[in-house]
Amino acid sequence: MGTPWRKRKGIGQILMRLVEEKAPACVLELGTYCGYSTLLIAQALPPGGRLLTVEQDPRTATVAEKLIRLAGFDEHMVELIVGSSEEVIPCLRTQYQLSRADLVLLIHRPRCYLRDLQLLEAHALLPAGATVLADHVLFPGAPRFLQYAKSCGRYRCRLHHTGLPDFPAIKDGIAQLTYAGPG
């Protein structure tokens with residue numbers, strides 16, 4: 001469980017700005033939780049845009065699904081997939097007709113970020129120019145993910161520094177990666 005987005009300065013603004021600037025045809029969110037970031041993304045999507053959001057916990061997904069539908073977003077615009085990212089990513093192209101994700105939001109478990117990024121690459125789901133936004137890369141941290149992104153030569157990496165609302169001395173960060181394409 002992450003810190004509620006509304007309490008974290010900057011994360012919501014970064015996400016909204018990216019969706020508005022990039023006008024992605026398709027967004028992939030790994031980690032729906034209660035659906036707050038899902039609703040932010042859906043609000044900012046361009047006409048015809050699509051959001052696939054993946055949540056592992058069926059009970060949490062049920063709550064998020066209700067909130068998403070109450071907010072007025074139908075299944076064509078926002079599709080909630082229940083399952084682990086590791087199981088879902090290989091099925092995105094065939095089962096969910098996702099040929100590419102222009103924007104990927106990683107907000108599930110930082111220890112899974114590297115594995116999932118490499119799965120997205122292996123299944124050719126990232127087009128050149130795609131943006132990957134990863135939360136909590138400094139606390140609790142995703143050091144292997146950051147090291148890979150900075151050293152593999154396929155990403156331009158920018159770190160947005162944030163803090164935890166109730167513990168300002170604890171520094172956190174959001175990684176914004178721009179994919180250059182396969183090696």
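As the structure is a prediction and not an experimental result, all values here were calculated from the model.

### Digging into the sheet that holds strand S7 (residues 167-179)
One open sheet holds the 7 strands; their spatial order is S3-S2-S1-S4-S5-S7-S6, and the pairing between them is mixed. Two strands in the sheet have a free side with no partner beyond their single neighbour: strand S3 (78-82) and strand S6 (155-164). This sheet shows a mean twist of 15 degrees between the axes of neighbouring strands, independent of strand direction. Where helix H8 (residues 143-151) meets the sheet, its contacts fall on strand S4 (103-106), strand S5 (131-134), S6 and S7, and the angle it forms with S7 comes to roughly 40 degrees.

### A closer look at the packing of aromatic side chains
The tally for this structure, following the rule as stated, stands at 2 aromatic pairs. Seen in terms of ring centroids, Tyr-113 and Phe-145 are 5.6 Å apart; in terms of plane orientation they differ by 75 degrees. Their pairing is edge-to-face. Taken together, the positions of Tyr-113 in helix H6 (residues 113-122) and Phe-145 in helix H8 put the pair 32 residues apart, joining distant regions of the chain. On the basis of relative accessible area, Phe-145 is assigned to the buried category, the value being 1%. A ring pair is formed by Tyr-155 and Tyr-179, whose centres lie 5.2 Å apart and whose planes are at 45 degrees; its orientation type is tilted. Placement of the pair is Tyr-155 in strand S6 and Tyr-179 in strand S7, with a sequence separation of 24 residues. This pair shows no difference in class: Tyr-155 is buried, exactly as Tyr-179 is.

Thresholds, definitions, all that
- Residues numbered from 1 in each chain as written.
- Predicted model: local features only at pLDDT ≥ 70, side-chain atom pairs only at ≥ 80, totals over all residues.
- Heavy atoms only, no water.
- Pairing = 2+ DSSP bridges.
- Helix = DSSP H or I, 4+ residues; strand = E, 2+ residues; numbered from the N terminus.
- Axes fitted to C-alpha atoms, helices over the stretch in contact; angles between N-to-C directions.
- Contact = heavy atoms within 4.5 Å.
- Phe/Tyr/Trp six-rings, centres within 6.5 Å; stacked < 30°, edge-to-face > 60°.
- Buried < 20%, exposed > 50% of the residue type's maximum accessible area, 1.4 Å probe, protein only.

In short, geometric facts, not functional conclusions.
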